[in-house]
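As a plain string of letters, each chain reads:
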Amino acid sequence: MFQPMTCGLTPAGAGVERKCWTILGQTYWPLAITEACFAFEALLPPGTFVPPHVQEGQDEFIRVLEGSLDLMLDGVAARAGPGDFVRIPRGTVHGVFNNGAVPARALGWATPALNLAELFERADGVADPEEVLRMATANGVRFLPPD
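All figures in this text were calculated on a predicted structure; none of them were measured in a lab.

Student: Report on the sheet that holds strand β6 (residues 69–73), specifying residues and quantitative values.
Tutor: Strands in a sheet are paired, the pairing made by backbone hydrogen bonds, and the direction either parallel or antiparallel. Read from one edge of the open sheet, five strands run β7-β6-β9-β4-β11, paired in antiparallel fashion. This sheet does not close on itself; its edge strands, each paired only once, are β7 (76–80) and β11 (142–143). Bridge count between β6 and β7: five bridges; the pairing is antiparallel. Within the sheet, the bridge partner assigned to Met72 lies in β7 and is Ala77.

What follows is the structure, encoded as structure tokens:
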């Protein structure tokens, strides 16, 4: 799934190769998929979330562009708003929640890319959360059981 880096412009609201993934009510546009980095734009409608999980082999970053995100970072609650930058070192348990009244838009990326983009591709349109969790586990993302 890795693609060689090329110069160019990806228009707003579009992903590379015009890809767009819908995963459990959230929308993701891939911006770069290389061996070193997977970058994407995310739109999280109110009430959607990514439950607490851990990626042992990847550092992850989030820059909030619009709205706000409530975060759980290694057991510590935080709120990120427009312009805030979130650093998530590999092995850190983290969850992302849009508890606000408006959609949240963010730029996210993980390094190295490993097979995270492949997971997004496979999970696109899958309606069953348990199936998405199974796919995530098979692709190196470990979700934690609810408290």
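Student: So what's going on with the packing of aromatic side chains? Which residues, and what values?
Tutor: Counted under the stated rule, the structure contains 11 aromatic pairs. Here the aromatic rings of Phe61 and Phe85 are separated by 5.8 Å at their centres, their planes lie at 15 degrees, and the arrangement is stacked. Of this pair, Phe61 sits in strand β5 (residues 59–66) while Phe85 sits in strand β8 (residues 85–88), placing them 24 residues apart in sequence. Each ring, one from Phe85 and one from Trp109, has its centre 5.8 Å from the other, and the planes form 40 degrees; the classification is tilted. One end of the pair, Phe85, is in strand β8; the other, Trp109, is in strand β10 (residues 104–111), and 24 residues separate them in sequence. Given the relative accessible area of 34%, Phe85 is considered partly exposed.

Student: Can you break down the side chain of Gln58 residue by residue, with the values?
Tutor: Relative to the helices and strands, Gln58 resides in the loop between β4 (49–54) and β5. What makes Gln58 buried here is its relative accessible area of 5%. Looking at Gln58, its side chain comes within polar contact range of the main-chain oxygen of Ala113, at 2.9 Å. Beyond its immediate sequence surroundings of up to four residues, Gln58 is in contact with Ile88, Pro89, Arg90, Ala110, Thr111, Pro112, Ala113, Leu114 and Leu116.

Student: Break down the layout of surface pockets for me, citing the residues and quoting the values.
Tutor: Space left empty within the atom packing is revealed by a probe, the size of a water molecule, rolled over the atoms. Estimates place the volume of the largest pocket at around 580 Å³. Lining the largest pocket are 32 residues, and of these Gln26, Tyr28, Phe49, Val50 and Phe143 sit closest to its centre. Looking at the lining of the largest pocket, the elements that each hand over two or more residues are β2 (26–33), β3 (38–44), β4, β5, β9 (94–97), β10, α1 (116–123) and α2 (129–138). Counting residues per element, the lining of the largest pocket draws most heavily on α2, at five residues. Its residues placed into classes, the lining of the largest pocket shows 24 nonpolar, six polar and two charged. Roughly 230 Å³ of volume is contained in the second largest pocket. Forming the walls of the second largest pocket are 13 residues, and the residues nearest its centre are Met5, Thr6, Thr10, Val16 and Leu31. When grouped by side-chain class, the residues that make up the lining of the second largest pocket number eight nonpolar, five polar and no charged.

Student: How would you sum up the pattern of salt bridges? Please name residues and give values.
Tutor: Applying the stated rule across the entire model yields seven salt bridges. The partner of Lys19 in a salt bridge is Glu121, and the shortest N-O contact between them spans 3.0 Å. Of the two residues, Lys19 is situated in the segment before β1 (21–23) and Glu121 in helix α1; the sequence distance between them amounts to 102 residues. Given a relative accessible area of 33%, Glu121 falls into the partly exposed group. Here Arg90 ties to Asp59 by a salt bridge, and the two come within 3.1 Å at their closest N and O atoms. Here Arg90, found in the loop between β8 and β9, pairs with Asp59, found in strand β5; they are 31 residues apart in sequence, far enough to count as distant. Connected through salt bridges with shared partners, the residues Glu41, Glu66 and Arg105 form a single ionic network.

About the thresholds
Residues numbered from 1 in each chain as written. Predicted model: local features only at pLDDT ≥ 70, side-chain atom pairs only at ≥ 80, totals over all residues. Heavy atoms only, no water. Pairing = 2+ DSSP bridges. Helix = DSSP H or I, 4+ residues; strand = E, 2+ residues; numbered from the N terminus. Phe/Tyr/Trp six-rings, centres within 6.5 Å; stacked < 30°, edge-to-face > 60°. Buried < 20%, exposed > 50% of the residue type's maximum accessible area, 1.4 Å probe, protein only. Polar contact = N/O pair within 3.5 Å; in protein donor to acceptor, adjacent residues only side chain to side chain. Contact = heavy atoms within 4.5 Å. 1 Å grid on protein atoms, 1.4 Å probe; cavity = no way out; pocket = protein on both sides within 12 Å on 5 of 7 lines; lining within 4 Å. Points joined across faces, edges and corners; volume = space filled by probe spheres on them. Nonpolar A, V, L, I, M, F, W, Y, C, P; charged D, E, K, R; others polar. Salt bridge = Lys/Arg side-chain N within 4 Å of Asp/Glu carboxyl O.

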